[in-house]
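# Descriptive structure summary
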Amino acid sequence: MVVTSGTIEEDSNFDPEIDVLKLRLALKEGIEKDISVENTISQILVHRSNNQRQALLELYQQHFNVGLCEDIQQVVNDGNFFRTVTALLLKPRNFDAQCLQKAIMDGKEGVISEILCTRSKSELADILQIYEAEFESTVQEDLDNFIDDHWHIYVSIMESPRDTDSSINEDKVSEHTASLIAAEQSKWDITKSPDIVNILTQNNFSHLREVFKRFQKREKGTWRW
């Protein structure tokens, strides 16, 4: 089983009290003297894991009775830096929900596919719940309203009982690889290859990685690999 995690590791010397004090002093100075504090904010936040950033958010609120994002917004323009900082301070699934909503509104199906197809069943359940709470609409409703061509595939992904173990069935791998090749030859016409949706939405990620590995080694235009 392949285990994935964020690229920023826990800071072994993490001291939230010191970080919160540094942030508060920098932001206070930025407000009073109208100077840039972006470097201080960056040096702290980008070197802390998401769990550590969540601890900073909570502690900052406890100590100063104001949100960290609120204070940052007072000294940073609503530009790319502020959007990056607020994204860093979101929990992973909240970040996914926001990216998913924006992707649906903008019709960016690559982003929609990446989020829906690469999250575990439990992660996807959390994303759907957060999405509905934040945007007062379900993902399925928004897909139906804003995405024309492939919304039914995305709905299948969300509703599929994806296998959660990491086993690989060699016979099924060969069968599913052949199905993908046949679908490619039909120019991915789902009406001619309806089993493709089930293959992609119901099998575990370890199995699919093996299928995709063999599919990439195929001889295009033939059934051999």
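Everything in this summary refers to the structure shown in the same document. (Residues numbered from 1 in each chain as written. Predicted model: local features only at pLDDT ≥ 70, side-chain atom pairs only at ≥ 80, totals over all residues. Heavy atoms only, no water.)

## Points about the overall build of the chain
Using the following cut-off: Segments assigned H or I by DSSP are reported as helices when at least four residues long, segments assigned E as strands when at least two residues long, and all are numbered from the N terminus. We compute the radius of gyration over the C-alpha atoms and compare it with the globule rule, which gives 2.2 Å times the number of residues raised to the power 0.38. Contact between two residues is taken to exist if any of their heavy atoms lie within 4.5 Å; hydrogens are not considered. Here the open area of atoms and residues is found with the Shrake-Rupley method and a 1.4 Å probe, where only the protein chains shown may cover a residue. Asp and Glu count as negative and Lys and Arg as positive, but His and the ends of the chain are not part of the count. Charge positions come from single atoms, namely NZ of Lys, CZ of Arg, CG of Asp or CD of Glu.
Per the secondary structure count, the chain includes 13 helices and 0 strands. In summary, the chain has a C-alpha radius of gyration of 22 Å against a globular reference of 17 Å for 225 residues, an excess of more than 25%. Seen through its principal axes, the chain has C-alpha atoms that stretch 70 × 40 × 30 Å. Considering only intrachain contacts with a sequence separation of at least 6, the fraction spanning at least 24 residues in the chain is 69%. Carbon and sulfur atoms form 49% of the exposed surface of the chain, whose accessible area is close to 13,700 Å². The averaged location of the 39 negative side-chain charges in the chain is 7 Å from the averaged location of its 24 positive side-chain charges.

## Some words on the pattern of salt bridges
Side chains bearing opposite charge may pair, as long as their charged atoms lie close to each other. For the record, the criterion: Any Lys or Arg side-chain nitrogen found within 4 Å of a carboxyl oxygen on Asp or Glu counts as a salt bridge. Exposure classes here rest on a 1.4 Å probe applied to the protein chains alone. A residue is buried below 20% of its type maximum, exposed above 50%, and partly exposed in between.
By the definition in use, this model includes 12 salt bridges. A salt bridge links lysine 172 to glutamate 175, with the shortest nitrogen-to-oxygen separation between them at 3.7 Å. Here lysine 172 pairs with glutamate 175, and both are found in helix 11 (residues 170-185), just 3 residues apart, close to one helical turn. On the accessibility criterion, glutamate 175 (42% relative accessible area) is partly exposed. Two residues, arginine 214 and glutamate 210, come together in a salt bridge whose shortest N-O distance is 3.4 Å.

## Observations regarding helix 8 (residues 121-135)
Put simply, the rule is: Expected helix span is computed as 1.5 Å times (number of residues minus one).
Here helix 8 is 15 residues long and its end C-alpha atoms lie 21 Å apart, about the 21 Å a rise of 1.5 Å per residue gives. Those residues of helix 8 that are buried lie in contact with helix 6 (92-106), helix 7 (109-118), helix 9 (139-146) and helix 10 (151-159). A positive phi of about 55° marks glutamate 136, the residue just after helix 8.

## Quick word on the layout of surface pockets
To keep it simple, the criterion reads: Only protein atoms enter the 1 Å grid used here, on which a cavity is any set of points holding a 1.4 Å probe that cannot leave and a pocket is any open set flanked by protein within 12 Å on both sides along at least five of seven lines; residues with an atom within 4 Å of a point are listed as lining. Grid points are joined across faces, edges and corners, and a volume is the space filled by probe spheres set on the points.
Taken as a whole, the second largest pocket holds about 200 Å³ of empty space. As for the second largest pocket, its lining consists of Arg83, Thr84, Thr86, Ala87, Leu90, Phe95, Gln98, Cys99 and Lys102. Sorting the residues of the lining of the second largest pocket by element identifies helix 5 (80-88) and helix 6 as the ones contributing at least two each.

## Regarding the nonpolar core
The line we're drawing: By nonpolar core is meant a set of buried Ala, Val, Leu, Ile, Met, Phe, Trp, Tyr and Cys residues that side-chain atoms within 4.5 Å join together.
In terms of nonpolar packing, the biggest core is built from 20 residues, with Leu100, Ile104, Ile112, Leu116, Val139, Leu143 and Tyr154 touching the most fellow members. Looking at this core, the elements with two or more residues in it are helix 6, helix 7, helix 8, helix 9 and helix 10.

## Examining the side chain of threonine 177
Our working definition: Any pair of N or O atoms that falls within 3.5 Å is considered a polar contact. Within protein, one atom must be able to donate a hydrogen and the other to accept it, and sequence-neighbouring residues count only if both atoms are side-chain atoms.
Here threonine 177 is to be found in helix 11. Within the structure, the side chain of threonine 177 is placed 2.7 Å from the backbone oxygen of valine 173, a separation counted as a polar contact.

## Thoughts on the packing of aromatic side chains
So the rule is basically this: Pairing of aromatic rings covers Phe, Tyr and Trp, the last through its six-membered ring, and needs centres within 6.5 Å; plane angles under 30 degrees mean stacked, over 60 mean edge-to-face, and all others mean tilted. Two limits define a charge over a ring: the Lys NZ or Arg CZ must be within 6 Å of the ring centre, and within 35 degrees of the ring normal.
According to the stated counting rule, one finds 3 aromatic pairs in the structure shown. Its guanidinium or amino end placed over the ring of phenylalanine 64, arginine 24 lies 4.6 Å from that ring's centre, counting from NZ or CZ. One cation-aromatic arrangement involves arginine 218 over phenylalanine 215; the distance from NZ or CZ to the ring centre is 3.8 Å.

## A look at the side chain of aspartate 19
Position of aspartate 19 among the secondary structure elements: in helix 1 (residues 16-33). By relative accessible area, which is 4% here, aspartate 19 ends up buried. With residues up to four places along the chain from it excluded, the contact list for aspartate 19 reads Phe14, Ile44, Arg48 and Leu56.

## Some thoughts on unusual backbone geometry
Phi is positive for asparagine 65, close to 55°, though the residue is something other than glycine. Position of asparagine 65 among the secondary structure elements: in the loop between helix 3 (50-64) and helix 4 (68-75). Within the chain, glutamate 136 stands out as a residue other than glycine whose phi angle is a positive 55°. Inspection of the secondary structure assignment puts glutamate 136 in the loop between helix 8 and helix 9.

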